[in-house]
2 protein chains.
Amino acid sequence: MYSGDMDAREQLIETMRELMGERGYVGTSPRAILSRAGVGQGSMYHHFDGKAGLAAEALRRNADAMRGDGEAVFDAGGPVLDRIRVYLRRPREVLQGCRIGRMTEDPDVIGDAVLRKPIEETLAWYERRIAELLAEGQESGELAAGFVPGQVAAAIVAVVQGGYVLAKAAQSVEPFDNAIEGAVTLLTGLRGER
Amino acid sequence: MYSGDMDAREQLIETMRELMGERGYVGTSPRAILSRAGVGQGSMYHHFDGKAGLAAEALRRNADAMRGDGEAVFDAGGPVLDRIRVYLRRPREVLQGCRIGRMTEDPDVIGDAVLRKPIEETLAWYERRIAELLAEGQESGELAAGFVPGQVAAAIVAVVQGGYVLAKAAQSVEPFDNAIEGAVTLLTGLRGER
DNA sequence: GTCTATAATTGGATAGAC
DNA sequence: GTCTATCCAATTATAGAC
């Protein structure tokens, strides 16, 4: 765990994490980074290979954080449907959007293999982990047998990512909350017979 | 229906529709527009109030097209669940993304009331229209009574929008297709008893 | 109406002092 | 390591010829 004041390098990374979440990659200028971080041009180009290098580090940290959030919920005990419901209903900065998912609309991120990697891996990890939980539920008899875990898992992750889209369009959390509750409703149809 | 060669104004709008779908609003430069449209600077600034004015017209057309696509499917006859399935499985340019939904990640679009309006209205229309269909299904007995149409409708629209996010992250249509089939699976749980 | 030329501003990176 | 000053290219907009 990091403690004490941040040095310039650390300050730059944390500022970049915020800005990329707020404005995306192309929407974040070096000027804005340096201004908010409170450091000069020199620091950025000393510690990183320009904007792209800093973005790569910031994205990796955002990806690690998002994965950690998921692990905390999915690794908890109890019925798998409960864990998935907790994931869906977890409090979020809805109008800010997902710091990972939003990067997919940024052509300069998707077009750069290094920048895209943490995005791809994180979302794929969520899909895979939820699919595992669903398969586990099928084996235990908690869930019905007649569905493909990987498909339902993708739908669950997509509802969250798409919920952000609806919320930003409306500039309101309401459609996000609706989508989440709709997904929770739909999931109850997966329950097994016993 | 428009026929014959496009004049410069028309050419600019159609080019802008394409480019905004491919690269977003901030990612689309006047230079790129003029180059692909094959017209000079003067034409753009004569017909429109700069890039923003052109974008407003392009977005309105994209919104109208997306709404028209929805109407064609939702207004068809037959069981409502069939119509929603047709909507979900409709062929799409998955890796390009939704020309309307993707704009929500563009701060300059969301921050401009004029540009945001067609985005908000179109997605809200889809939510509302699907909610109507679901309510209709509940009344007819095709669907069970114990769910909130507006919530499930939001989840359905979110799955499609989120599916694009997963597909772009993976640079593959597979997660999109999975999410769609997962949603179709989940929807079967809504069927009524009779 | 449409063009080319040009201007103002910002994005992104470099140079060199301390 | 960090700063300020500077530079080049691209974005966005304007001017003025035709």
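What follows deals with the relation of the copies chain A and chain B. Relative to chain B, chain A is turned by 180 degrees and slid 0.0 Å along the rotation axis, the superposed coordinates differing by an RMSD of 0.1 Å. Both chain copies can therefore be described as sitting about a two-fold axis. Residue Gly162(A) of chain A places its C-alpha closer to the rotation axis than any other residue of that unit, at 1.9 Å. The share of interface residues of chain A whose copies in chain B are also at the interface is 98%, consistent with both copies meeting through the same surface.

Residue and element names in this part refer to chain A. Residue placement: Gln 138 occurs in helix H7 (residues 113-140). As a C-alpha pair, Gln 138 and Val 80 span 58 residues in sequence and 9.7 Å in three-dimensional space. Not counting residues within four places of it along the chain, the set of residues in contact with Gln 138 comprises Leu 143, Ala 144, Ala 145, Gly 146, Phe 147 and Pro 149.

Moving on to the packing of aromatic side chains. Within a pair of aromatic rings, the relevant descriptors are the distance that separates the centres and the angle that separates the planes. Residue and element names in this part refer to chain A. Counted by the stated rule, this structure contains 12 aromatic pairs over all chains. On the basis of an interplanar angle of 45 degrees and a centroid distance of 5.1 Å, the ring pair of Tyr 164 and Phe 176 is categorised as tilted. Remark: Phe 176 occurs in helix H9 (residues 174-187) and Tyr 164 occurs in helix H8 (residues 149-170); sequence separation between them is 12 residues. Between the NZ or CZ atom of Arg 92 and the centre of the ring of Tyr 87, over which it lies, the distance is 5.2 Å.

Right, let's get into the protein's contact with DNA strand C. Every one of the 16 residues lining DNA strand C counts as a neighbour, but Pro30(A), Gln41(A), Gly40(B), Gly42(B) and His47(B) are closest to it. Take the atoms of DNA strand C that sit within 4 Å of the protein: sugar and phosphate atoms are 63% of them. Here a phosphate oxygen of DNA strand C and a side-chain polar atom of Tyr45(A) are 3.1 Å apart. Taking Ser43(B), its side chain carries an N or O atom lying 2.9 Å from a phosphate oxygen of DNA strand C. Counting residues per element, the surface near DNA strand C draws most heavily on helix H3 (residues 41-47) of chain B, which supplies 5 residues. Each residue belonging to the surface near DNA strand C can be placed in one class, and the counts come to 4 nonpolar, 10 polar and 2 charged.

Definitions and cut-offs
Residues numbered from 1 in each chain as written. Chains lettered and ligands numbered in written order. Predicted model: local features only at pLDDT ≥ 70, side-chain atom pairs only at ≥ 80, totals over all residues. Heavy atoms only, no water. Least-squares fit on C-alpha atoms with pLDDT ≥ 70 in both. Contact = heavy atoms within 4.5 Å. Helix = DSSP H or I, 4+ residues; strand = E, 2+ residues; numbered from the N terminus. Phe/Tyr/Trp six-rings, centres within 6.5 Å; stacked < 30°, edge-to-face > 60°. Lys NZ or Arg CZ within 6 Å of the ring centre and 35° of its normal. Near = heavy atom within 4 Å. Polar contact = N/O pair within 3.5 Å; in protein donor to acceptor, adjacent residues only side chain to side chain. Nonpolar A, V, L, I, M, F, W, Y, C, P; charged D, E, K, R; others polar.

Interpretation in functional terms is not warranted from these geometric data alone.
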